[in-house]
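Observations on chain architecture
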Amino acid sequence: MKITAAIVPARSQPFEIQQLDLAAPLTDEVLVRILASGMCHTDLHARDGYFPNLPYPIVCGHEGVGVVEAVGAAVTDLAAGDPVVISFPYCGQCEPCSAGRISYCTNARALKSGGRRADGSTPMSRDGAPVYSCFFQQSSFATFALAPAKDVVKLRRDAPVEWLGPLGCGLQTGAGAVLNVMQPPGTSIQGQSIAVYGVGGVGLAGLMAARIAGCDPIIAIDRLPARLALARELGATHVLESKGGETLAEIRKITGGGTHFALETSAVPQIFRLAVDALRALGVCVLVGSARAGTEVTFEMPWLQGGRTVRGVIQGDSRPRDFIPQLVDHFMEDRFPLDRLVTRYALADINRAAADAASGATIKPVLSMPH
Ligand SMILES: [Zn+2]
Ligand SMILES: [Zn+2]
């Protein structure tokens, strides 16, 4: 079938809108009519060559949301007409996948940024020549996308699906870091302190989740005053512009000696260090910010030895089919107002959306597809 998609023609080139051909779904895939797709910094990293295994030309996009158009012969739990969000890929067979820890799939890199299906095939083409796709096994900067059915999450029918794409990656990352990792099922972190370092989309999702969990105080740290103002509206009890040692002293003062929890989303080594230095004894710092390969950070060994934990987390430890419907319920009941983070753009304006995301002028771009 013919589709309209945004392609990156070569490394570090702007997006271009093109007409492409898309193959029919395999037996375990679904074809989704994409209504909208969130844009993550990961899409920009892909454009700019951060992923050594990523081939060009490539169609990016990994926060697709829409309506199932058709399903492969082996798909029994989704049907045409279902509203869905497409989440991250996993193999289902490696050690983490077998243990149910699918966001740590050891085959994730190939599935996310190899540009092909797991079987090596390339379902998109132009004039008969392959165009790489399958970015996060979806490539949702397009009017239609193919995805493995197991990565696709059915949404409640009364939800405004065109707003919900960012739940597939960025927002479940921040929210899951709090609601799955800091507060595992059956526990409560009500009344405990948290600092959120970097209040872009991931950080603000974590902040809204911290409010749902009843954390207090909730401290937002960022370099952009406009984001801090929004953080305050969304539940931050304190907001701080990051200024090194002065910020550390302020956090310790607000929390009476340091935070119980830190959510590091900035991927900046000095900020990560600040997040760990501002932990109280037995405090936990969760790292979700994605740094470029080779980035290093230093900590003081005696400080970590004081019962402090630093943990890396991917996709908020989420099992999307369980967790995303919970976040949709929070959204529908006004506890998780993700629409406050979103700025909508037409697909044709994708380069403007990317520039606004890079500058911080827009927190979470969502691209509407032309149909
Ligand atoms: Zn993402
Ligand atoms: Zn796996």
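Here's a quick rundown of the structure. (Residues numbered from 1 in each chain as written. Chains lettered and ligands numbered in written order. Predicted model: local features only at pLDDT ≥ 70, side-chain atom pairs only at ≥ 80, totals over all residues. Heavy atoms only, no water.)

Think of an α-helix as turning once every 3.6 residues; residues three or four places apart then point the same way. Three or more residues of helix α7 (residues 245-255) are buried, namely T247, L248, I251 and T255. The buried residues of α7 all sit within an arc of 105° when viewed along its axis, so they share a single face. Exposed positions of α7 whose direction lies more than 90 degrees from the buried face are G245, E246 and K253. For α7, the secondary structure elements touched by its buried residues are β11 (194-197), β12 (218-222), β13 (238-241), β14 (259-264), α8 (269-277) and β15 (279-287). One or two residues past the end of α7 sits G256, with phi positive at roughly 65°. (Buried < 20%, exposed > 50% of the residue type's maximum accessible area, 1.4 Å probe, protein only. Helix = DSSP H or I, 4+ residues; strand = E, 2+ residues; numbered from the N terminus. Arc of directions from axis to C-beta. Contact = heavy atoms within 4.5 Å.)

Here the zinc ion (ligand 2) is held by the protein donor atoms C91 (SG), C94 (SG), C97 (SG) and C105 (SG), which lie 2.3 to 2.4 Å from it. Binding-site remark: the zinc ion (ligand 2) is held by donors from one chain whose sequence spacing is C-x2-C-x2-C-x7-C. Given a relative accessible area of 21%, C91 falls into the partly exposed group. Exposure remark for C97: the relative accessible area of 8% places this residue in the buried category. (Donors = N, O, S within 2.8 Å, 3.2 Å for Na, K, Ca; no water.)

With that settled, consider α8. All of the buried residues along α8 are I271, F272, L274, A275, V276 and D277. The inward-facing, buried residues of α8 abut β11, α7, β14, β15, α9 (301-305) and β16 (309-312).

Among the structural elements, E63 can be located in strand β5 (residues 63-71). Residue E63 is classed as buried on the basis of its relative accessible area, which comes to 0%. A distance of 2.8 Å separates the side chain of E63 from the backbone nitrogen of G170, its partner in a polar contact. A polar atom in the side chain of E63 sits 3.0 Å from the side chain of K364. Setting aside anything within four residues of it in sequence, one finds E63 in contact with A36, S37, G38, M39, C40, Q138, S140, G165, P166, C169, G170 and K364. (Polar contact = N/O pair within 3.5 Å; in protein donor to acceptor, adjacent residues only side chain to side chain.)

Moving on, we come to the packing of helix α4 (residues 170-182) against helix α5 (residues 201-213). Relative to each other, α4 and α5 sit at 35°, their axes nearing to 7 Å. Considering the relative orientation of α4 and α5, their crossing is right-handed. In contact with G170, L171, T173, G174, A175, V178 and L179 of α4, α5 contributes G201, V202, A205, G206, A209, A210 and A213. Class assignment for the residues of the contact of α4 with α5 results in 9 nonpolar, 5 polar and no charged. (Axes fitted to C-alpha atoms, helices over the stretch in contact; angles between N-to-C directions. Left-handed = near helix turned anticlockwise from the far one by under 90°. Nonpolar A, V, L, I, M, F, W, Y, C, P; charged D, E, K, R; others polar.)

Note the cis peptide between Y56 and P57, where omega equals -5°. Here P57 is to be found in the loop between α1 (41-47) and β4 (58-59). Cis geometry marks the peptide bond from D216 to P217, where omega comes out at -5°. You can see P217 is positioned in the loop between α5 and β12. At L282, a residue that is not glycine, the phi angle is positive and equals roughly 70°.

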